[in-house]
Amino acid sequence: MAITPLEPRSDTIRDALARHYCSEGVPDDRWHIGPEHPALERAALEVLETMAARHVLEIGFQAGGFSVPIVLALHRDPRFRYVGVDNLAYTNSVSPATIEKFLRPRVTPGCYEFVQRDSTTFLKTLAPASVDLALLDHFKPFYERDLLVLCRRGIVKPGGVILLHDVLSGAAKAWRNCGHLVRTFELVVEVRADVPAGLAILRIPHSVVPRRLLVMRSSMITIGRSAFHDTILHTRHAIGRFLRHVGLRT
């Protein structure tokens, strides 16, 4: 099933959300949708178009600037499921109930879920290979921590993608701190400057062993070869002593 294109006018969904939040009594200064939308959603949809499954995880759904357009575009696809996680610590985060009230009359039921929880704690509950695309767009110092959990636990499927937003702006330092994880897990990186503030697209290789494990395996192979070599030498020396004892070798 093809992905439903986003609304041609970038302000259409934003305006609809603004009217909804106003009707729900959410003050204007209590929610914000940044200039990265809808370019961020378009980039994610381009990636999802190439995937066989479309399980999306967003860390930091805030006011629904990413989640709402993505759900509206994909809700008819039986392969699609969206889960958003936010601890609502930011003042511009909107409650899950308010966002769900906007979506409920517009989309297929059961394809989305919003969770109010600490991101790292939630990630540790997910099964390996249960996500196709994950977006990190929350508290910048937590990028490195949550990227490590995603990669070490194999939560994103091989061939899947992790998106990090704001890597050319507010998350530039966090992105630099993630460099060692990119190298360790051999992630394929593309940085999109056409998404305001920058978007890093990290693709999970289909087969990868973290470098530390490779070093350990190499060491184990070396140890194994050394032990085997010592065994051979010990056996040869024992045979030599026996042959000298019976007079067959001097």
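All residue numbers here refer to positions counted from 1 along the written sequence of the relevant chain. Under the rules for a predicted model, residues below a pLDDT of 70 receive no local features and side-chain atom pairs below 80 are neither given nor counted, while totals for whole chains, interfaces and linings still include all residues. Computation of side-chain values covers all heavy atoms of the structure but excludes hydrogens and water.

## Some points on the overall build of the protein chain
Then comes step 1: Helix and strand definitions here come from DSSP, where helices need a minimum of 4 consecutive H or I residues and strands a minimum of 2 consecutive E residues; each element is numbered from the N-terminal end. Looking only at helices and strands, one finds nine helices and seven strands in the protein chain.
Then comes step 2: Put simply, of all contacts in the protein chain between residues at least 6 apart along the chain, 77% involve residues at least 24 apart.
Then comes step 3: The Shrake-Rupley method, run with a 1.4 Å probe sphere, supplies the accessible areas, and residue values consider only the shown protein chains as cover. On the protein chain, roughly 13300 Å² of surface is accessible, and the fraction owed to carbon and sulfur atoms is 57%. Contacts are residue-level and defined by heavy atoms, with any inter-residue pair within 4.5 Å sufficient.

## Side note on the confidence of the model for the protein chain
Then comes step 1: Summary of the metric used: pLDDT quantifies the predictor's per-residue confidence within the range 0 to 100. Confidence in the prediction for the protein chain averages 86 pLDDT; 79% of positions are at 70 or higher.
Then comes step 2: The low-confidence segment residues 211–233, where pLDDT is below 50, has six contacts with residues more than four positions distant or belonging to other chains.

## A closer look at a nonpolar patch on the surface
Then comes step 1: Each patch is built from residues that are more than 30% exposed by relative accessible area and take part in no salt bridge. Like charges join if they lie within 9 Å; nonpolar side chains (Val, Leu, Ile, Met, Phe, Trp, Tyr) join within 5 Å. When a carboxyl oxygen of Asp or Glu is within 4 Å of a side-chain nitrogen of Lys or Arg, the pair counts as a salt bridge. On the surface, a nonpolar cluster with roughly 240 Å² of combined accessible area is contributed by Leu-168, Val-189 and Val-191.
Then comes step 2: Assignment of secondary structure puts Leu-168 in the loop between β5 (156–165) and α7 (172–177).

## Overview of the packing of helix α3 (residues 67–74) against helix α4 (residues 96–103)
Helix-helix packing is characterised by the crossing angle of the two axes and by the distance between the axes.
Then comes step 1: Direction vectors running N to C along α3 and α4 enclose 35°, while the axes themselves pass 11 Å from each other. For the crossing formed where α3 meets α4, the hand is right-handed. Contacts between α3 and α4 involve Val-68, Val-71 and Leu-72 from the first element and Ile-99, Phe-102 and Leu-103 from the second.
Then comes step 2: Residue polarity is assigned by list, with Asp, Glu, Lys and Arg as charged and Ala, Val, Leu, Ile, Met, Phe, Trp, Tyr, Cys and Pro as nonpolar; anything else, Gly included, falls into the polar class. Of the residues contributing to the contact of α3 with α4, the split by class is six nonpolar, no polar and no charged. Think of each axis as a best-fit line through the C-alpha atoms, taken over the contacting stretch in the case of a helix, with angles from 0 to 180 degrees between the N-to-C directions. Should the near helix be turned anticlockwise from the far one by less than a right angle, the crossing is termed left-handed; should it be turned clockwise, right-handed.

## Some thoughts on unusual backbone geometry
Then comes step 1: That bond from His-37 to Pro-38 is cis: its omega, 5°, falls within 30 degrees of zero.
Then comes step 2: Note on placement: Pro-38 falls in the loop between α1 (12–23) and α2 (39–48).
Then comes step 3: Not every positive phi belongs to a glycine, and Ala-129 is a case in point at roughly 55°.
Then comes step 4: Considering the arrangement of structural elements, one finds Ala-129 in the loop between α5 (119–123) and β4 (131–136).
Then comes step 5: Relative accessibility decides the category of a residue: with a 1.4 Å probe and only protein chains considered, values under 20% of the type maximum give buried, values over 50% give exposed, and everything between is partly exposed. For Ala-129, a relative accessible area of 37% corresponds to the partly exposed category.
Then comes step 6: Look at Ala-197: it is not a glycine, yet its phi comes out positive at around 80°.
Then comes step 7: For Ala-197, the position within the fold is in the loop between β6 (188–192) and β7 (199–203).

## A closer look at the sheet that holds strand β2 (residues 80–86)
Then comes step 1: At least two bridges found by DSSP between two strands are what make those strands a pair. If you walk across this open sheet you meet the seven strands as β3-β2-β1-β4-β5-β7-β6, and the pairing is mixed. Two strands close off the open sheet at either side, each with one partner strand: β3 (112–116) and β6. Within this sheet the neighbouring strands show an average axis-to-axis angle of 15°, counted without direction.
Then comes step 2: Inspection of the sheet shows strand β1 (residues 54–59) paired to β4 by four bridges, in the parallel sense. The residue bridging Glu-58 from the neighbouring strand is Leu-135, located in β4.

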